[in-house]
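Breakdown of the fold
So you can see what is in the structure, the chains are spelled out below.
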Amino acid sequence: MKDLAKKITDWYVAHKRNLPWRKDRNPYHVWISEIMLQQTRIEAVISYYQRFIKELPTIQDLAFVDEERLLKLWEGLGYYNRARNLKRAAIIITEKYHGKFPTTYEEILSLPGIGEYTASAIASICFSLPEVTIDGNVLRVYTRVFEDDSVIDLEKEKKKIRNALMKIVPSCSGDFNEGLMELGETICIPGGVPKCGDCPLYDMCLSRKHGTSLKYPVRLEKNEKRVEHYTVLVFYYQNYFLLEKRLDTGLLHGLWQFPNLEGSISQEKVERYCKNLDITPLKIEKGISYTHIFTHKKWVMNSYYIEVSRNDKHKLSGVFVTAQEREENYSLPGAFQPFQNDFLERGMKNDET
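We now turn to the structure provided with this report. (Residues numbered from 1 in each chain as written. Predicted model: local features only at pLDDT ≥ 70, side-chain atom pairs only at ≥ 80, totals over all residues. Heavy atoms only, no water.)

**Considerations on the packing of aromatic side chains**
In total, this model carries 14 aromatic pairs according to the counting rule given. Plain terms: the ring middles of Tyr236 and Phe343 are 5.2 Å apart, the flat faces sit at 65 degrees to each other, and that makes the pair edge-to-face. With Tyr236 in strand β1 (residues 226-237) and Phe343 in helix α16 (residues 337-345), the pair connects residues that are 107 residues apart, well separated along the chain. Neither Tyr236 nor Phe343 differs from the other in exposure class; each is buried. In this structure an aromatic cluster arises from ring pairing among Tyr236, Phe241, Phe258, Tyr305 and Phe343. Here Arg208 stacks its cationic end above the ring of Tyr202, 3.8 Å away from the centre of that ring. Seen from the ring of Tyr304, Lys286 lies directly overhead, with NZ or CZ sitting 5.1 Å from the centre. (Phe/Tyr/Trp six-rings, centres within 6.5 Å; stacked < 30°, edge-to-face > 60°. Helix = DSSP H or I, 4+ residues; strand = E, 2+ residues; numbered from the N terminus. Buried < 20%, exposed > 50% of the residue type's maximum accessible area, 1.4 Å probe, protein only. Lys NZ or Arg CZ within 6 Å of the ring centre and 35° of its normal.)

**Some details on helix α6 (residues 81-96)**
Helix length check: α6 (16 residues) gives 22 Å between terminal C-alpha atoms against 22 Å at 1.5 Å per residue, within 8%. On its buried face, α6 is in contact with α2 (27-37), α3 (42-55), α4 (59-64) and α5 (67-74). (Expected span 1.5 Å × (residues − 1). Contact = heavy atoms within 4.5 Å.)

**Description of the packing of helix α1 (residues 2-15) against helix α11 (residues 173-186)**
Between α1 and α11, the shortest axis-to-axis distance is 8 Å and the interhelical angle comes to 75 degrees. Here α1 lies roughly perpendicular to α11, going by the angle between them. Each of Leu4, Ala5, Ile8, Thr9, Trp11, Tyr12, Val13 and His15 in α1 lies in contact with α11, whose residues at this interface are Asp175, Phe176, Glu178, Gly179, Leu180, Glu182, Leu183 and Thr186. Broken down by class, the residue content of the contact of α1 with α11 amounts to nine nonpolar, four polar and three charged. (Axes fitted to C-alpha atoms, helices over the stretch in contact; angles between N-to-C directions. Parallel < 35°, antiparallel > 145°, perpendicular 65-115°, else oblique. Nonpolar A, V, L, I, M, F, W, Y, C, P; charged D, E, K, R; others polar.)

**Here we look at empty space enclosed by the protein**
On inspection of all chains with the given rule, the structure shows one cavity of 30 Å³ or more. There is about 100 Å³ of room inside the largest cavity. Contributing to the lining of the largest cavity are 16 residues, with Cys188, Pro194, Cys196, Cys199 and Cys205 lying nearest its centre. The set of elements that each furnish at least two residues to the lining of the largest cavity consists of α9 (136-145) and α12 (206-210). Here the lining of the largest cavity gets three residues from one element, more than from any other, and that element is α9. Its residues placed into classes, the lining of the largest cavity shows 11 nonpolar, two polar and three charged. (1 Å grid on protein atoms, 1.4 Å probe; cavity = no way out; pocket = protein on both sides within 12 Å on 5 of 7 lines; lining within 4 Å. Points joined across faces, edges and corners; volume = space filled by probe spheres on them.)

Here it is, written out as structure tokens:
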């Protein structure tokens, strides 16, 4: 095990990728990158990270940013509560810690939106504290090296592996943790054959010796996602389309969306719905269908593009915006963006004045 720690840290120092949040050990930078990297690949995160830090370069800037702007900066990363928790934590750091990031594992862990993994990453990378980060990459490397058949979805098994690694964490704990994660991301990859020939643990890896790498890690069977059906309504007038804000509770709460109805609705029922709103569409056209996958559910959506007159436009609640206004000021979740894209590709607008 001690040999493993040295091999990992030596390999990381020699092979680590040049990533923007690795240019320093600023805890604010590491924190933002770690939260962004949850559920998102590194290549996709870089541009979001650079834009975020450019606009909000300090913890205080994050604490005082308007939430609407914050959500706009986060658009495309999903899981918008992560952004809201960043702001909540930044406010606490500003008020309780006078704008300086806390320096103990326990204090870091107490901040909103920060769990054991993120707290360990910040504590080790920024403050060289003897903590171990446990994520999917680390669990994959560990279980393959030791042919460990622990079910990694179970918290007790994660804790067992964490305790084993805590016994060997070196003084350069940040390099050790980043090395384990880097190895899992680039060499001991998920969903494919690992690049064993490039691995610093080649000689000690049991699954490599026995040809069992793809059997690890062991996971629980996934439950089927709940399927929900919706009909998206894109009301438009000239080159403006209608957005409304979602409720302040539930999935995607507080974000902008196209109006939508539960169920897969026929055009006849859409016409009836418009009549109930006291509007008479100039045109109703069938739009695209799209399925969006969330963690625990799946939205199956069909759509209609509904052209309205100037008089009827004022009867609809929400805001009519151009595509440019939407891009600059309104955060539209990924579940609804395909409908905007298709609408724009069709060049749909009317010329009523």
